[in-house]
Amino acid sequence: MSAPIAVGIDGSVHAWRALVPGDPGRALVGESEEAALVAVGSRGAGGFEGLLFGSVALHVSAHARCPVLAVSRSAPFPAEASGEIVLGLEGRPGEDRLVDWAFAEAGSRSARILALHAVGGDFPSPRTRVVEDMELSAALAGVREEHPDVPVDQMISDRTAARALVEASEHAALVVVPLRD
């Protein structure tokens, strides 16, 4: 059973619900092949208090073939959310599509981007921090030209990626990170 549940004012947004037998995580990953975005609750009723992701959200986030929006129960209504999107980058090849998506989303929300790269340890020299910052600037250069109205802040962190993302996302409306292999 499939039924439409939302259509954008200009007809550009299409969302639907479907009752699909089987494991929810696998079903959503299967649907992600044709989707522009998969939205899931960050966690269900089970699990431990304080758990950031439940098993379905974690599975879908790790295996989906499109961006995944994991929404927590305490998330503000979009109109009340902050105007910042945290974009976590690892500096790996293939992150261009992720960067393009984040900038397009920021443009549609009139939001700013915090581009974050975490190195997970002390910098052996001040030069290392400068090199990391230059590499992050290079990774963003083309998309900044395509989206000149999107303000961007860059942050190079000596924290682990997980810690840096948690700290940076405390007041963010959205966090965009690459798919891990």
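Please refer to the structure placed before this passage.
Worth saying up front: this structure is predicted, and the values here are computed from it rather than measured.

What counts, and where the lines are drawn
- Residues numbered from 1 in each chain as written.
- Predicted model: local features only at pLDDT ≥ 70, side-chain atom pairs only at ≥ 80, totals over all residues.
- Heavy atoms only, no water.
- Pairing = 2+ DSSP bridges.
- Helix = DSSP H or I, 4+ residues; strand = E, 2+ residues; numbered from the N terminus.
- Axes fitted to C-alpha atoms, helices over the stretch in contact; angles between N-to-C directions.
- Contact = heavy atoms within 4.5 Å.
- Buried < 20%, exposed > 50% of the residue type's maximum accessible area, 1.4 Å probe, protein only.
- Right-handed = clockwise from strand over helix to strand, strands pointing away.
- Lys, Arg positive; Asp, Glu negative; His and termini not counted.
- Salt bridge = Lys/Arg side-chain N within 4 Å of Asp/Glu carboxyl O.
- Polar contact = N/O pair within 3.5 Å; in protein donor to acceptor, adjacent residues only side chain to side chain.
- Expected span 1.5 Å × (residues − 1).
- Bend = angle between axes of the 7 residues up to and from the residue.
- Patch = residues over 30% accessible without salt bridge, like charges linked within 9 Å, V, L, I, M, F, W, Y side chains within 5 Å.
- Areas by Shrake-Rupley, 256 points an atom, 1.4 Å probe, with all protein chains shown as cover.
- Charge placed at Lys NZ, Arg CZ, Asp CG, Glu CD.

## Focus on the sheet that holds strand S5 (residues 84-88)
Overall, parallel pairing links the four strands, which are arranged S7-S6-S5-S8 in an open sheet. The two strands at the open ends of the sheet, each matched to only one other strand, are strand S7 (152-157) and strand S8 (174-176). Each adjacent strand pair in this sheet contributes to an overall mean axis angle of 20°, direction not counted. When S5 meets strand S6 (residues 112-118), the two strands line up parallel, connected through five bridges. Residue pairing in the sheet places Leu87 in a bridge with Ala115 of S6. Its contacts with the sheet put helix H4 (residues 126-146) on S5, S6 and S7, and the angle it makes with S7 is roughly 150°. Packing of helix H5 (residues 161-168) onto the sheet brings it into contact with S5, S6, S7 and S8, and relative to S6 it is tilted by some 160°.

## Quick notes on unusual backbone geometry
One non-glycine residue, Ser110, lies in positive phi territory at about 55°. Inspection of the secondary structure puts Ser110 in the loop between helix H3 (96-109) and S6. For Ser110, a relative accessible area of 68% translates into the label exposed.

## Here we look at the pairing of S7
Two strands pair when backbone bridges link them, and S6 and S7 are joined in this way by six bridges, in the parallel orientation. From the neighbouring strand, Leu114 faces S7, where its bridge partner is Asp153. In this view, the connection linking S6 to its parallel neighbour S7 by way of H4 has right-handed handedness.

## Notes on the side chain of Glu95
Here Glu95 is to be found in the loop between S5 and H3. This buried residue, Glu95, is left without a salt bridge; Arg92 holds the nearest opposite charge, at 6.1 Å. Within polar-contact distance, the side chain of Glu95 engages the backbone nitrogen of Gly91 at 3.2 Å. If we skip the residues at most four places from it in the chain, Glu95 touches Leu89, Glu90 and Pro178.

## Brief notes about the side chain of His117
Within the fold, His117 resides in strand S6. With relative accessibility at 10%, the residue His117 sits in the buried group. With residues up to four places along the chain from it excluded, the contact list for His117 reads Leu89, Glu90, Gly91, Glu132, Leu136, Met155, Ile156 and Ser157.

## Brief notes about the environment of Ser108
Structurally, Ser108 is set in helix H3. Assessed through its relative accessible area of 56%, Ser108 is described here as exposed. Engagement of the side chain of Ser108 in a polar contact is seen with the backbone oxygen of Glu105, the distance being 2.8 Å.

## Some points on H4
Taking 1.5 Å of rise per residue, 21 residues should cover 30 Å, and H4 covers 31 Å from first to last C-alpha, within 8% of that figure. Of all the bends in H4, the greatest, near 45°, is centred on Leu140. Buried residues along H4 sit in contact with S5, H3, S6 and S7.

## Structural notes on the pattern of salt bridges
Enumeration over the complete set of coordinates arrives at four salt bridges. Between Arg112 and Asp153 there is a salt bridge, with the nearest N and O atoms lying 3.0 Å from each other. Of this pair, Arg112 sits in strand S6 while Asp153 sits in strand S7; the two residues are 41 residues apart in sequence, bridging distant segments of the chain. Relative accessible area serves as the criterion here: at 31%, Arg112 is assigned to the partly exposed category.

## A few points about a negative patch on the surface
A cluster of acidic residues, Asp96, Asp100, Glu145 and Glu146, forms a negative patch on the protein surface. Looking at the negative patch, the elements with two or more residues in it are H3 and H4. Along the chain, the position of Asp96 falls in helix H3. Owing to a relative accessible area of 56%, Asp96 belongs among the exposed residues under this scheme.

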